[in-house]
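Fold and geometry: a report
Residues per chain, in single letters:
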Amino acid sequence: MKPFTLLYFFLAAVLYLLALPFLLLLSFKPKYKASIPARFFLWKNPRFKNDDIWFHVCSLGEARAIAPIMERLKDRAVSISTITHTGHAEASKYKAETRYLPYEALLPFWIRKHRYLVVLEAEFWYLLFAVARAKGAKVVLLNARMTERSFPKYMKMRWLYLQMFKRVDKVFCQSEADKKRFEALGATNIEVVGNIKLAQKIVTNYFNIGST
């Protein structure tokens, strides 16, 4: 690992150890009985078998947003990771492998090589980007957005996002305003494509959807 990645991993691991008692308690709540054991203890959450296109979505809305593209992925081996149980339930409706995304400190031991990692909207996880790219994936942000209200908070952590966006190969964002905000945080190779449903032709051409 590079020095910054090693330091980030160490801090994430320390936070994980400190949070263990709290996580154990939460795992008994019905709302989290599937997601927390899977994400933080890898319970019934093995690595993906497929190695082609991996989508990471957070919750229900993002899982639904990829529906237009999933329609064109019938001949491709697709994997989908989620964070919430509602997102996982929605993603499970597609013809794809579905998993909960493990906590960051576990990702170096869980991620395998994929051709593409496609991250929806505002799911920015440093080790997700860094480890996936180190293992050979092209990292793509899709339907990327950053609101005017949240932007100052991102700017306060600009040092982190400068490192994070170095690991991103392509950004498909929703608006010109989003593009300017991503550029301010160090992102490059940005294309404004609007709503994912309207932009599916541009996006699917990038992923060579329809070919193997």
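On to the pattern of salt bridges. Counted by the stated rule, this structure contains nine salt bridges. One salt bridge in this structure joins Glu 90 and Lys 93, with 3.1 Å as the shortest N-O distance. Look at the salt bridges and you will find they share partners, linking Asp 52, Arg 76 and Arg 115 into a network.

The tally for this structure, following the rule as stated, stands at 16 aromatic pairs. Note on Phe 4 and Trp 159: the rings are 6.3 Å apart at their centroids and 70° apart in plane angle, and the pair reads as edge-to-face. In this pair, Phe 4 is assigned in helix H1 (residues 3-26) and Trp 159 in helix H9 (residues 158-165), connecting sequence segments 155 residues apart. With 5.9 Å between their ring centres and 65° between their planes, Phe 124 and Tyr 154 make a pair best called edge-to-face. One end of the pair, Phe 124, is in the loop between strand S4 (116-120) and helix H7 (126-134); the other, Tyr 154, is in helix H8 (residues 151-156), and 30 residues separate them in sequence. Exposure class is identical for Phe 124 and Tyr 154. Each is buried. An aromatic cluster is present here, built from Phe 124, Tyr 154, Tyr 161, Phe 165 and Phe 182 joined pairwise through their rings.

A few words now on the state of the cysteines. Under the defined criterion, the tally for this structure stands at zero disulfides. For Cys 58, which is in no disulfide, the shortest distance to another cysteine sulfur is to Cys 173 and amounts to 20 Å. For Cys 58, a relative accessible area of 16% translates into the label buried.

Bringing H1 into the picture now. Each full turn of the α-helix corresponds to 3.6 residues, which orients residues three or four apart in the same direction. With 24 residues, H1 extends 33 Å between its outermost C-alpha atoms, agreeing within 8% with the 34 Å of an ideal straight helix rising 1.5 Å per residue. Residue Leu 20 marks the point of greatest curvature in H1, where the axis turns by about 55°; the proline Pro 21 follows within four residues. Taken together, the buried positions of H1 are occupied by Thr 5, Tyr 8, Phe 9, Ala 12, Tyr 16, Leu 23 and Leu 26. In this structure, the buried residues of H1 make contact with helix H2 (35-41), helix H6 (107-110), H7 and H9.

With that settled, the discussion passes to unusual backbone geometry. One non-glycine residue with positive phi stands out, namely Leu 42, at about 55°. Along the polypeptide, Leu 42 turns up in the loop between H2 and strand S1 (53-56). With a phi angle near 60°, Glu 121 is a residue other than glycine that sits in the positive phi range. Inspection of the secondary structure assignment puts Glu 121 in the loop between S4 and H7.

In this section: a nonpolar patch on the surface. The grouping of Leu 7, Phe 10, Leu 11, Val 14 and Leu 18 at the surface amounts to a nonpolar patch, some 510 Å² of accessible area in total. Topologically, Leu 11 is positioned in helix H1.

Turning next to empty space enclosed by the protein. Evaluated as defined, the whole model comprises one cavity of 30 Å³ or more. Roughly 30 Å³ of volume is contained in the largest cavity. Forming the boundary of the largest cavity are Arg 39, Leu 101, Pro 102, Tyr 103, Glu 104 and Trp 125. Looking at the lining of the largest cavity, its residues break down into four nonpolar, no polar and two charged.

Cut-offs used in this document
Residues numbered from 1 in each chain as written. Predicted model: local features only at pLDDT ≥ 70, side-chain atom pairs only at ≥ 80, totals over all residues. Heavy atoms only, no water. Salt bridge = Lys/Arg side-chain N within 4 Å of Asp/Glu carboxyl O. Phe/Tyr/Trp six-rings, centres within 6.5 Å; stacked < 30°, edge-to-face > 60°. Helix = DSSP H or I, 4+ residues; strand = E, 2+ residues; numbered from the N terminus. Buried < 20%, exposed > 50% of the residue type's maximum accessible area, 1.4 Å probe, protein only. Disulfide = S-S within 2.5 Å. Expected span 1.5 Å × (residues − 1). Bend = angle between axes of the 7 residues up to and from the residue. Contact = heavy atoms within 4.5 Å. Patch = residues over 30% accessible without salt bridge, like charges linked within 9 Å, V, L, I, M, F, W, Y side chains within 5 Å. Areas by Shrake-Rupley, 256 points an atom, 1.4 Å probe, with all protein chains shown as cover. 1 Å grid on protein atoms, 1.4 Å probe; cavity = no way out; pocket = protein on both sides within 12 Å on 5 of 7 lines; lining within 4 Å. Points joined across faces, edges and corners; volume = space filled by probe spheres on them. Nonpolar A, V, L, I, M, F, W, Y, C, P; charged D, E, K, R; others polar.

Just distances and angles here, no functional claims.
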